[in-house]
Each structure stands twice: as structure tokens, then as C-alpha cells.
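Examining the three-dimensional arrangement
Each chain, letter by letter, is given below.
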Amino acid sequence: MALSLFGGRRSNVFDPFSLDVWDPFEGFSAVANVPPSARETTAFATARIDWKETPEAHIFKADLPGLKKEEVKVEVEDGNVLQISGERSKEHEEKNDKWHRVERSCGKFMRRFRLPENAKVDQVKANMENGVLTVMVPKEEQKKPEVKSIEISG
């Protein structure tokens, strides 16, 4: 039997129509049942951020579900380093609570990006809507080379 790409054992390597369901948390149930106060959650510390460049700006997008804009900071350090940071607090626990699974992460995160020289760091704008942070860093216009015609004598 070959090991499938989807985590279960099957008779062939790739069977997209199989009824086996891959559980990415299989084998981690002992850790998942521990309340958040008993372990440090670090998954949130690696917040994933997309960075794309358009002709007008550098655009950063971060999925930060459950965070309020007051819990997130956007700063420019050293003139050209964009820093995005924040913290998701642990949920309040009652002594009688019985946790069955803990998968949502909490804790601090910080990401830093060195901006290119054409970034207008004094005009950075940030917006948070539906748990998505969007940071726009405008770019300086590219100067078109000045063309000077030279008269040909003779």
C-alpha cells in the first residue's frame, strides 16, 4: 500500500474521489485538550501577510480575525521599515469549564518589512475591515528621463 498525498493509506498514490477524510490534527488530541492557560500558543505569532506592488503603491494585507483596530499597530521605523504588530488575548476561563479542543491561537505577533527607496513613508495609510488589515504605502512617481534634442550642424 502506498501513502496518499492526503495522509491516509490507499491502494494507489492519488485518489481524489476517495471517501477518506484527512484530519490535519490527528494525533495531536492530547495537546489540543489542554486549556490555553496551560500552554503557550505560538501560531498567531507568525501572522501571514501578503505584499503586492502596483504602479502606484505597495499594498500589505493581513488576516487578523477577531482583532479590533485598537489591538493592532502599524508603524514605520528607521525611515523605511514597516512594522505591523498586535496581540490577541486569551479567553476568560471559568474553573468549571471543560475544554474539548483548543485550536484558535492567541498571543503577540510582529512582522517587519524593509520598504524600497521609492516608498513614501510619510503617506502610509491603514484600514481594518472585517478582520482584514490593509496597509497602503504610496510610491514616488518614476521620473521620466529628460530628453534634450541636439541640433546637428553641418
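In case you missed it, the structure is sitting above this.
Residues numbered from 1 in each chain as written. Predicted model: local features only at pLDDT ≥ 70, side-chain atom pairs only at ≥ 80, totals over all residues. Heavy atoms only, no water.

Looking now at the environment of Gly-66. Looking at the secondary structure, you find Gly-66 in the loop between strand S4 (57-63) and strand S5 (72-77). Judged by its relative accessible area of 71%, Gly-66 falls in the exposed class. Sequence-wise, Gly-66 and Arg-88 are 22 residues apart; in three dimensions their C-alpha atoms are separated by 7.9 Å. Apart from residues lying up to four places away in sequence, Gly-66 is in contact with Glu-71 and Arg-88. (Helix = DSSP H or I, 4+ residues; strand = E, 2+ residues; numbered from the N terminus. Buried < 20%, exposed > 50% of the residue type's maximum accessible area, 1.4 Å probe, protein only. Contact = heavy atoms within 4.5 Å.)

Here the focus is the pattern of salt bridges. Pairs can form between side chains of opposite charge whenever their charged atoms are close. According to the stated counting rule, one finds 2 salt bridges in the structure shown. Close ionic contact of Lys-139 with Glu-53 constitutes a salt bridge, the shortest N to O distance being 2.6 Å. Remark: Glu-53 occurs in strand S3 (residues 49-53) and Lys-139 occurs in the segment after strand S9 (132-138); sequence separation between them is 86 residues. (Salt bridge = Lys/Arg side-chain N within 4 Å of Asp/Glu carboxyl O.)

Turning to its location among the elements, Thr-134 is positioned in strand S9. Judged by relative accessible area, which is 17%, Thr-134 ranks as buried. Once you skip the residues sitting within four places of it in the chain, Thr-134 turns out to touch Ile-59, Phe-60, Lys-61, Lys-125, Ala-126 and Asn-127.

With that settled, the discussion passes to the environment of Glu-87. Of note, Glu-87 is situated in strand S6 (residues 81-88). When the C-alpha positions of Glu-87 and Leu-64 are compared, they lie 9.9 Å apart, and in sequence the two are 23 residues distant. Look past the residues within four positions of Glu-87 in its chain and what remains in contact with it is Leu-67, Glu-71, Gly-107, Lys-108 and Phe-109.

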